[in-house]
Structures are given as structure tokens and as C-alpha cells.
Amino acid sequence: MNNHVTANAAPLPFIDVGAQRARLGTRIDEAVTRVLNHCRFVNGPEVIELEKQLAEFAGAKHAISCSSGTDALAMLLMAWGVGPGDAVFCPSFTFCATAEVVPWVGATPVFVDVLADTFNMDPASLEAAIAVAVRQGLKPRVVIPVDLFGQPADLDAILAIAKAHELKVLCDTAQGFGATWNGKRTGSFGDATATSFFPAKPLGCFGDGGAIFTDDDELVSVLKSVREHGQGVDKYENVRIGMTGRLDTIQAAILLEKLSIFEDEVAARDRAAKRYNEALADVCIVPVVDPRATSVWAQYTIRLPHGVRDGLAATLQKEGVPTAVYYRIPMHKQPAYAQYPAAGNGLPVSEALSGEVISLPMHAYLDEASQDRIIAAVRRALGK
Ligand SMILES: Cc1ncc(COP(=O)(O)O)c(C=O)c1O
């Protein structure tokens, strides 16, 4: 392969929000203009319509839109009254928000290891973490399985453990919205699900946003109160401590347009992931999807022998191929979180993965020529 050809080529994007905007043409501009004209910037009609369409899409009875994925997680812990003395089980190999909300309510995050193949919560480690929490005098209350990089966690095993230990299941599908487990979409499992519409997510808005999914009518009325400063029947009566947790109408209008092409985008991501897998399986460990799952490929993440990753990233950067590392430090090793309990064996898989994974460009508009350029650069950098 001729090195200087790719070295001189324009840098590729890691995700391509602009290509999606071009595909939608003026639809988003028109949707935003409609909101600018009706002026119902908070709790406008687009918010109600989006909640209806999101619930239908996910196969949940209710969708409650909110200000971010982090707030979605926090609002659920607040609504359930989780607090001091309670243990909330989180994978260590995740984005910090999963665990961050737990100390917000005064509860204790307890870190759980992940599986080496899917990078998702290890059910055996969850059992070990529950035993650690009980030994420390904590009350096991909630487990937060994360659908890391777009693939649902092993919900069969986690739901069974949660049932046996009377834990609430709060699914964190910030990265996995649109993925399926046993043929059903995320958002339809556990007691409730939180998701994020951060711009880089597979379904992203043009700012911050999130949503909660649940079939529980009573929980919905508490969440709606939490979202509006803990309001009661009267707007200026406060029956609980709440927050400003709403999704702006403009973001809802944008999301409605994007939701209309989301299924097609997920299919394009899946095609790109399959092409990567076929082209790279002999040079690195490519991602594995559980046969019960489909992924939305929030990230396409490969695994390399320890010590190889950073050199690969530097070489690819020179060739205009961006990469990212999710996550360089597992949560139980983060300075702000190292004080909290963990499953008890040092969480060896989370520690190994944090030194070995690297994510390649992935989005619905990755054309074959660009992808071939990435594949060739990776193979060349790895000496293949
Ligand atoms: C696994 C996970 N949980 C929670 C969040 C928080 O979402 P947000 O950035 O919308 O607050 C994110 C995304 O950033 C995430 O990746």
C-alpha cells in the first residue's frame, strides 16, 4: 500500500453529524422555526409528541423526556428514594455518569466487573458485589446495567439476580438506545431505563437531552413532579425535592426529525460494523455481539495486546484517521471513586480493558471508501 497517498488525504471525522444534517435538508431548520414561531419553548407540543413516539419505538408504556442522560439516572434514584445506606451496583468499565448520580443522593456505588467479550456487566461479579455490600452493612437497592458501546447487557442473568435480591433494575441505555435483547428494544426491560440524546449518541439532539422509559404509572407521576421542582397538584406547591429536569421544545423538535430516520441509520451502522469485523478479525480482537442481542454501535471498539494501543493511535492520527479511548481509567480506579467498594477481586477485566481498547470512526454515513482507508491504515500500522 502506498503510504503517501493516505498521509496526504483529508482527515476523516470520528462521527459525522454534518452528513446527517445534509441528509435531512431543511427539515430540522423548519422544525426549529416552528418552535420559534409558536414560542412554547418549555413543555411545548413537540415534547408531548416526542414522548409518544419514543415510547412506541422502545416498546415501553411511558417515555418521560428530560434534560440529559445523567439527569435521567438521577431522577430515577430520587423518585425511588434511594439514599444513605443504600448500595447501587454499577459496572466499573463505563462512562462516569452511571456512578456519579449515586453519591448525589447519598447512596454508595459498588463497582462490578465486566465480561471480557461483550464489555458489559458480569453477572458473577454482580453476585460477588452484592455479598460485599451486605458484609459492609449496606442495603442492596438498585443495579444499573449499562449497554456499553451500543450492545445490551445480559438482561436475562441480571434480571434474575435482581429478582432474587429484590433489587430495582435501572437500565442505562445512553449508548444502546435502539438496540435489542431477545428481539425487544432497550427501554422495555427492568423497572426503568435511562437514555441520553447527547449529540454524539446514535440518536442525538443538538445540545443536551435524555429520556426515561417505564411501564410503572405511579413512577411516572413521581418523575413528572421531580422534573418540575417536586411540584404537587398546584404548580407552586412543593411536595418533594426536585430539579429543573425538562427537555427543551427545540431539542424535542430536532429529535422528532432524527427519530424518523433512526432505524435506517442503525442498519447503516450495523453494516459498517460487520465490514470492520470481516476486515480486521485477523489483526485484533474485534467486538463480539451476544447472539441474543443487536447493537447500535455507539462505538466500534477493538482490543489489542497491552502496550500497542497508543502507538496505533499516533500512527493513525498522522494518516488522518481519528481514534478515541473509552475508557482509559476504570471507575473503581478514578480518584473521586476509589473510596467506594468493589466486587472484591480487583476487577481484573475492567483493568485489562482500560489498557487495551481503542475505538475507530463509526457513524451511519461512513462510506465504503473512507472505511477501506481506515481499515488499510489499521492493518498497515499493525504490520499486516
Ligand atoms: C453509559 C452512559 N451513561 C450516562 C451518560 C450520560 O448522558 P448525558 O451526557 O446525556 O448526561 C452517558 C453519556 O454521556 C453514557 O455514555
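As the structure is a prediction and not an experimental result, all values here were calculated from the model.

1. Section: the overall build of the protein chain
Counting its regular elements, the protein chain contains 14 helices and twelve strands. For 384 residues, the compact-globule formula gives about 21 Å, and the C-alpha radius of gyration of the protein chain, at 21 Å, lands near that figure. Counting only C-alpha atoms and orienting by the principal axes, one finds that the protein chain spans roughly 70 × 60 × 35 Å. Put simply, the protein chain has 384 residues, and 57% of those count as buried. For the protein chain, the share of sequence-separated contacts (at least 6 apart) that also reach a separation of at least 24 residues comes to 73%. When the accessible area of the protein chain is evaluated, it comes to approximately 15,700 Å², of which 54% is carbon and sulfur surface.

2. Some remarks on the site of the ligand
In the region of the ligand, 14 residues are neighbours, and Gly-69, Thr-70, Asp-172, Ser-196 and Lys-201 sit closest. The contact in question runs from a nitrogen atom of the ligand to an N or O atom on the side chain of Asp-172, over 2.8 Å. Gln-175 places a side-chain nitrogen or oxygen 2.9 Å from an oxygen atom of the ligand. Here the ligand has 380 Å² of accessible area as a free molecule, and 93% of this is covered by the chains. Put simply, the parts of the chain that give the shell around the ligand at least two residues each are α5 (69–79) and α6 (97–104). Class assignment for the residues of the shell around the ligand results in four nonpolar, eight polar and two charged.

3. Structural notes on a nonpolar patch on the surface
Together, Leu-36, Phe-41 and Val-42 make up a nonpolar patch on the protein surface, roughly 260 Å² of accessible area in all. Position of Leu-36 among the secondary structure elements: in helix α3 (residues 27–38).

4. Overview of the pairing of strand β3 (residues 108–112)
Counting buried positions along β3 gives five out of five residues, so the element sits mostly inside the fold. Every second residue of β3 is oriented toward a common face, with Thr-108, Val-110 and Val-112 on one face and Pro-109 and Phe-111 on the other, all of them buried. Sheet topology note: the strand β2 (residues 86–91)/β3 ladder contains five bridges and is parallel. Directly across from Cys-90, in β3, lies its bridge partner Phe-111. Taken together, β2, α6 and β3 constitute a β-α-β crossover, and its handedness is right-handed.

5. Side note on a negative patch on the surface
On the surface, a cluster of negative charge is contributed by Asp-191, Asp-215, Asp-216 and Glu-218. Along the polypeptide, Asp-216 turns up in the loop between β9 (210–214) and α9 (217–227). Asp-216 sits in the partly exposed class, given a relative accessible area of 34%.

6. Quick word on the pattern of salt bridges
On inspection of all chains with the given rule, the structure shows 20 salt bridges. Between Asp-270 and Lys-274 there is a salt bridge whose closest N-O contact spans 2.7 Å. With a gap of four residues between them, Asp-270 and Lys-274 both fall in helix α11 (residues 262–280), about one helical turn apart. Overall, Asp-270 belongs to the partly exposed group, its relative accessible area being 23%. Here Arg-275 and Glu-368 are joined by a salt bridge, their closest N and O atoms 3.8 Å apart. Highlighted residues: Arg-275 in helix α11 and Glu-368 in helix α14 (residues 368–381), separated in sequence by 93 residues. Owing to a relative accessible area of 24%, Arg-275 belongs among the partly exposed residues under this scheme.

7. Some points on the domain arrangement of the protein chain
Many structure descriptions define interface size as the accessible area lost when the parts assemble. Here the protein chain is partitioned into domain 1 (22–259) and domain 2 (261–381). Spacing between the C-alpha centres of domain 1 and domain 2 amounts to 24 Å. The partner domain 2 presents 37 residues to the 52 residues of domain 1 that form the contact. Summing the contributions of domain 1 and of domain 2, the shared interface buries around 3,800 Å²; its carbon and sulfur component is 61%.

8. Considerations on the environment of Gly-178
Along the chain, Gly-178 falls in the loop between β5 (168–172) and β6 (180–181). Since its relative accessible area comes to 10%, Gly-178 is described here as buried. Taking the C-alpha atoms as reference, Gly-178 lies 10.0 Å from Trp-297; in sequence the two are 119 residues apart. If we skip the residues at most four places from it in the chain, Gly-178 touches Phe-57, Arg-185, Thr-186, Phe-262 and Val-296.

Cut-offs and rules
Residues numbered from 1 in each chain as written. Predicted model: local features only at pLDDT ≥ 70, side-chain atom pairs only at ≥ 80, totals over all residues. Heavy atoms only, no water. Helix = DSSP H or I, 4+ residues; strand = E, 2+ residues; numbered from the N terminus. Rg over C-alpha atoms; globule rule 2.2 N^0.38 Å. Buried < 20%, exposed > 50% of the residue type's maximum accessible area, 1.4 Å probe, protein only. Contact = heavy atoms within 4.5 Å. Areas by Shrake-Rupley, 256 points an atom, 1.4 Å probe, with all protein chains shown as cover. Near = heavy atom within 4 Å. Polar contact = N/O pair within 3.5 Å; in protein donor to acceptor, adjacent residues only side chain to side chain. Nonpolar A, V, L, I, M, F, W, Y, C, P; charged D, E, K, R; others polar. Patch = residues over 30% accessible without salt bridge, like charges linked within 9 Å, V, L, I, M, F, W, Y side chains within 5 Å. Salt bridge = Lys/Arg side-chain N within 4 Å of Asp/Glu carboxyl O. Pairing = 2+ DSSP bridges. Right-handed = clockwise from strand over helix to strand, strands pointing away. Lys, Arg positive; Asp, Glu negative; His and termini not counted. Charge placed at Lys NZ, Arg CZ, Asp CG, Glu CD. Domains from an automatic or database assignment. Buried area = accessible area lost by both parts, 1.4 Å probe.

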